[in-house]
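# Close look at the chain arrangement
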Amino acid sequence: MRHRSIPGAHGRVRPLTLLGDPVLHAPCGDVTDFGPELAALVADLFATMYAHEGVGLAANQIGVNLRVFVYDCPDDDEVRHLGHVVNPRLVTTDGLEFLGPEGCLSLPGLEAGTERYDHAVVEGVTMTGEPVTVDGTGFFARCLQHECDHLAGTVYADRVTGRRRRKLDRQVSKAPWRT
């Protein structure tokens, strides 16, 4: 049996970028260098995601303005999806649109009902430049949409409206991490 390394095992845990930092609302740039720095970034993203018990993490959430995200996320059938996407493009969102609880490592401890489609397809490349297509349903589709939003400069709070938005704004203003 071939033993593969655990994603993030060789990465370092980096500080999270929290809501209020302008990098979270700036669209990220495309990756053009597929060298060792990108591999180190992917390892650091995994290490940071695992350290903070997340299911996905985008590069701008650790202050890096590049289009890269990692995930280790189950779908609604508890099937584990593990990987990364460089220069992702959300090519399909369809199916039913569900209002469900959504949280974010950049808004620690908070969540709000957010509408997302129950099917999403993302295309991009791996850290070695190989084409990759990721097809997700249920909770995993929510994760893919969430991470693609991050790279476009959007956080889930930007999608929340009405009473739920007012409640989330109050929670953010009282959050101990808010500066």
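Every value quoted in this text rests on a predicted model; they were computed, and no experiment measured them.

About the thresholds
Residues numbered from 1 in each chain as written. Predicted model: local features only at pLDDT ≥ 70, side-chain atom pairs only at ≥ 80, totals over all residues. Heavy atoms only, no water. Helix = DSSP H or I, 4+ residues; strand = E, 2+ residues; numbered from the N terminus. Rg over C-alpha atoms; globule rule 2.2 N^0.38 Å. Contact = heavy atoms within 4.5 Å. Areas by Shrake-Rupley, 256 points an atom, 1.4 Å probe, with all protein chains shown as cover. Patch = residues over 30% accessible without salt bridge, like charges linked within 9 Å, V, L, I, M, F, W, Y side chains within 5 Å. Salt bridge = Lys/Arg side-chain N within 4 Å of Asp/Glu carboxyl O. Lys, Arg positive; Asp, Glu negative; His and termini not counted. Charge placed at Lys NZ, Arg CZ, Asp CG, Glu CD. UniProt positions renumbered as here; feature names shortened; annotations may be inferred. Buried < 20%, exposed > 50% of the residue type's maximum accessible area, 1.4 Å probe, protein only. Pairing = 2+ DSSP bridges. Axes fitted to C-alpha atoms, helices over the stretch in contact; angles between N-to-C directions. Polar contact = N/O pair within 3.5 Å; in protein donor to acceptor, adjacent residues only side chain to side chain.

Let us look at the overall build of the protein. Along the protein, the regular secondary structure elements total three helices and five strands. Along the protein, from the amino end to the carboxyl end, the secondary structure elements read α-β-β-β-β-β-α-α. Taking 16 Å as the expected radius of gyration for a compact globule of 179 residues, we find that the protein reaches 16 Å, a close match to that expectation. Summarising its shape, the C-alpha atoms of the protein cover approximately 50 × 40 × 30 Å along the three principal directions. Expressed as a percentage of contacts within the protein between residues at least 6 apart in sequence, the contacts between residues at least 24 apart total 64%. Accessible area for the protein stands at about 9500 Å²; split by element, carbon and sulfur atoms hold 52% of it.

A word on a positive patch on the surface. The grouping of Arg163, Arg164, Arg166, Lys167, Arg170 and Lys174 at the surface amounts to a positive patch. Position of lysine 167 among the secondary structure elements: in helix α3 (residues 162-174).

With that settled, the discussion passes to the UniProt feature "binding site: Fe cation" (unreviewed entry) in the protein. On the UniProt side, "binding site: Fe cation" (unreviewed entry) is annotated at positions that read Cys104, His146 and His150 here. The largest pairwise C-alpha distance within this set of annotated residues, which runs over 47 residues, is 10.1 Å, so the set is compact in three dimensions. Of note, histidine 146 is situated in helix α2 (residues 138-151). Excluding residues that lie within four positions of it along the chain, histidine 146 makes contacts with Glu102, Gly103, Cys104, Arg116 and Tyr156. Mapped onto the secondary structure, histidine 150 falls in helix α2. Take histidine 150: its relative accessible area is 0%, and that puts it in the buried class. Sequence-distant contacts of histidine 150, defined by excluding residues within four places in its chain, comprise Leu24, Ala58, Asn60, Gln61, Cys104 and Val155.

We now examine the sheet that holds strand β5 (residues 131-137). A sheet is described by the order of its strands in space; here five strands give the open sequence β1-β2-β3-β4-β5, paired in antiparallel fashion. The open sheet has two edge strands with one neighbour each: β1 (56-58) and β5. Taking the axes of each pair of neighbouring strands and ignoring which way they run, one obtains an average angle of 30 degrees across the sheet. Bridge count between β1 and strand β2 (residues 68-74): three bridges; the pairing is antiparallel. Residue pairing across strands places glycine 56 opposite tyrosine 71, the latter belonging to β2. Across the sheet, helix α1 (residues 36-51) is in contact with β1, β2 and β3 (80-103); its angle to β2 comes to roughly 40 degrees. The sheet strands contacting α2 are β1, β2, β3, β4 (111-125) and β5, and the helix crosses β4 at an angle near 80 degrees.

Bringing the UniProt feature "active site" (unreviewed entry) in the protein into the picture now. This chain's UniProt record puts "active site" (unreviewed entry) on Glu147. Not counting residues within four places of it along the chain, the set of residues in contact with glutamate 147 comprises Gly56, Leu57, Ala58, Gln61 and Phe69.

What follows covers the side chain of histidine 119. Mapped onto the fold, histidine 119 is located in strand β4. In this structure the side chain of histidine 119 is engaged in a polar contact, spanning 2.6 Å, whose partner is the side chain of aspartate 94. With residues near it in sequence (within four places) discarded, histidine 119 still touches Thr92, Thr93, Asp94, Asp135, Gly136, Thr137 and Ala141.

This paragraph deals with the pattern of salt bridges. Overall, the coordinates contain ten salt bridges when judged by the stated rule. Where aspartate 72 meets arginine 80, a salt bridge forms, and the shortest distance between an N and an O atom there is 2.6 Å. Residue glutamate 102 pairs with arginine 116 through a salt bridge whose shortest N-O separation is 2.8 Å. Of this pair, glutamate 102 sits in strand β3 while arginine 116 sits in strand β4; the two residues are 14 residues apart in sequence, bridging distant segments of the chain. For the residue pair glutamate 102 and arginine 116, the accessibility class agrees, reading buried in each case. What you see here is one network of salt bridges that share partners, running through Glu102, Arg116, Arg142, Asp149 and Arg159.

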